[in-house]
Amino acid sequence: MIIGLLTAVAASACYGTGSVLQAVGSRKSARREAAAASTTGITQHGGPSLSSTAKAAVTWEFMVGTVLDFIGFGLGALAARLLPLFLSQTVISANLVITAVLSIKLLGIRLTRPEWASIAVVCSALVLLATAAGPEGGGDTPIAGHWWLLAASIAVIGGGTLIVRLLGGRAAILAGLLSGLGFGALGVGVRVLNGVEPFNLSSLLGDPALYAILIAGIGGMYLHTVALQIGSVNGATAALVVGETVVPGILGVLWLGDSSRPGFAWVAVLGFVVAVAGAVAVAWFGEPEADAVPATAGDTHSPDGSLTDDGSASGDDAPQPLAGNRAGS
C-alpha cells in the first residue's frame with residue numbers, strides 16, 4: 001500500500017509539472033501564429049488544426065512536459081496495479097494541486113483564498129481515502145471485457161476527436177472530459193492487462209486491452225493538448241478530473257472487485273466525493289483566462305506579461321497567458 005501511494009504521488013508530481021510546461025508551450029505556439037497573422041492554425045470552426053497542435057508539440061516546454069507525462073504514465077500504471085482504482089486515480093488527479101502551486105512561480109499566478117481552501121480539501125480527502133482503502137481487486141477478467149474496453153476507447157477518442165474539431169473553440173470542456181475518459185480507460189486497461197505477471201509476450205500482444213491503452217493514452221494526450229490550446233482551461237480541467245476519476249473508480253468497484261477496509265466504506269465514499277469536488281474547485285476557482293489564443297495579429301497588451309505588437313511576451317511575468325490548472329494525464 002505504501003509503495004503504491006508513493007508511486008501514485010510521484011506520478012501526480014510528474015503530470016502536474018508536465019501540464020504547466022505543456023500549457024506554456026501550447027500558448028507560446030498560439031501566440032506566434034497569431035503574431036504572424038496565420039490562419040492555417042485553426043479550422044473553419046475556430047478550433048486548432050493538426051498543424052497547429054504539431055507546432056505546439058515541438059516547443060521545448062511542451063517536449064519536456066511530454067517526457068514528464070510519459071514518466072508519470074509509467075508510475076501511474078504501476079500505481080493502478082498496486083492500489084484500488086478509486087485511490088490511485090484520485091491521487092493522480094491531485095496533480096491539479098501541484099499544477100496550482102507551480103503556477104505561482106512559473107506562470108505568475110496568485111492563488112485566491114478559495115483555491116487554497118480547495119487544495120486543503122483535496123489533501124484532507126486523500127488522507128481519508130488512504131485510511132479507508134482496502135486491498136485492490138483482481139485483474140482477471142473475461143477477454144470479452146477487454147474487447148469492450150478497446151471498443152469504448154476507439155469510440156471516445158475517435159468520435160470525440162471528430163466532435164471536438166466540429167465544435168472548434170467551444171469544445172474546451174468537452175475535450176477535457178474526453179481526455180479524462182481516455183486517461184481513465186488507460187488506468188483500467190493497465191489493471192486488466194494480460195501477460196504482465198508473469199510476463200508472457202504473446203499473451204501481452206494478443207490482449208485487446210494493450211491496444212485500448214495505446215489508443216486511450218495517445219488520444220487522451222491529443223485531446224488534452226487541444227483543450228489547452230482553445231481556452232477555458234479551468235472548466236476543461238474540472239471535466240478532465242471527473243472523467244479520469246469517477247468512471248474508473250466505479251468500474252474498479254463494480255467490475256474489478258476493489259473494496260475498502262471493513263467498516264470504512266462510508267469513509268472511502270466520502271473521501272472520493274470530496275476529493276473530486278475539491279479537485280474540480282481547484283480548477284474552477286483558478287484565475288480567469290485572458291486572451292488564451294489571441295484573435296488577431298498585431299494585438300498589443302499592457303506590459304504585464306502579455307503580448308506586444310510582434311507577438312512576443314514582455315514584462316517580468318512573461319509566461320502569464322495561462323491562468324488555470326490542468327489536470328492528468
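It should be noted that the structure appears before, not after, this text.
Residues numbered from 1 in each chain as written. Predicted model: local features only at pLDDT ≥ 70, side-chain atom pairs only at ≥ 80, totals over all residues. Heavy atoms only, no water.

Draft legend 1. Looking closely at the overall build of the protein. Helix and strand counts for the protein come out as 12 helices and zero strands. Ordered by position from N to C terminus, the α and β elements of the protein give α-α-α-α-α-α-α-α-α-α-α-α. Of all 329 residues assigned to the protein, the portion counted as buried reaches 53%. Expressed as a percentage of contacts within the protein between residues at least 6 apart in sequence, the contacts between residues at least 24 apart total 84%. (Helix = DSSP H or I, 4+ residues; strand = E, 2+ residues; numbered from the N terminus. Buried < 20%, exposed > 50% of the residue type's maximum accessible area, 1.4 Å probe, protein only. Contact = heavy atoms within 4.5 Å.)

Draft legend 2. Expanded view of the side chain of T90. Checked against the element boundaries, T90 lands in helix α4 (residues 85-93). Of the residues examined, T90 reaches a relative accessible area of 2% and is grouped as buried.

Draft legend 3. Structural view of helix α7 (residues 143-167). The terminal C-alpha atoms of α7 lie 36 Å apart, and with 25 residues this matches the ideal 36 Å at 1.5 Å per residue to within 8%. Listing the buried residues of α7 in full gives G145, H146, L149, L150, S153, I157, G160, T161 and V164. In the segment just after α7, G168 is the residue with positive phi, at about 65°. (Expected span 1.5 Å × (residues − 1).)

Draft legend 4. Region of the structure containing the packing of helix α3 (residues 60-82) against helix α8 (residues 172-192). Packing of α3 against α8 brings their axes to within 8 Å, and their N-to-C directions diverge by 55°. The pairing of α3 with α8 is recorded here as oblique in orientation. In this structure, α3 meets α8 at a crossing whose hand is right-handed. Listed contacts from α8 to F73, A77, A80 and R81 of α3 are L186, G187, V190 and R191. (Axes fitted to C-alpha atoms, helices over the stretch in contact; angles between N-to-C directions. Parallel < 35°, antiparallel > 145°, perpendicular 65-115°, else oblique. Left-handed = near helix turned anticlockwise from the far one by under 90°.)

Draft legend 5. Up close: α8. Taking 1.5 Å per residue as the helical rise, α8 with its 21 residues ought to reach 30 Å, and the 31 Å between its terminal C-alpha atoms agrees with that figure. Across the 21 residues that make up α8, a large majority, 17, are buried.

Draft legend 6. Quick peek at the side chain of S88. Its place among the elements puts S88 in helix α4. Once residues within four sequence positions are removed from consideration, S88 is found in contact with A8, A79, A80 and L83.

Draft legend 7. Geometry of the environment of F264. Position of F264 among the secondary structure elements: in the loop between α11 (233-254) and α12 (265-284). By relative accessible area, F264 is classed as partly exposed at 25%. Taking the C-alpha atoms as reference points, F264 and G134, separated by 130 residues in sequence, lie 8.8 Å from one another.

Draft legend 8. Geometry of a nonpolar patch on the surface. A cluster of nonpolar side chains, I154, F199, L201, L205, Y211, L214, I215 and I218, forms an exposed patch at the surface whose accessible area comes to about 780 Å². Counting residues per element, the ones that place at least two in the nonpolar patch are α9 (201-205) and α10 (208-230). For the nonpolar patch, the leading source of residues is α10, giving four residues. Looking at the element boundaries, I154 is found in helix α7. (Patch = residues over 30% accessible without salt bridge, like charges linked within 9 Å, V, L, I, M, F, W, Y side chains within 5 Å. Areas by Shrake-Rupley, 256 points an atom, 1.4 Å probe, with all protein chains shown as cover. Salt bridge = Lys/Arg side-chain N within 4 Å of Asp/Glu carboxyl O.)

Draft legend 9. Examining the packing of aromatic side chains more closely. Across all of its chains, the model carries zero aromatic pairs by this definition. When the ring centre of F264 is taken as origin, the NZ or CZ atom of R261, which lies over that ring, is 4.3 Å away. (Phe/Tyr/Trp six-rings, centres within 6.5 Å; stacked < 30°, edge-to-face > 60°. Lys NZ or Arg CZ within 6 Å of the ring centre and 35° of its normal.)

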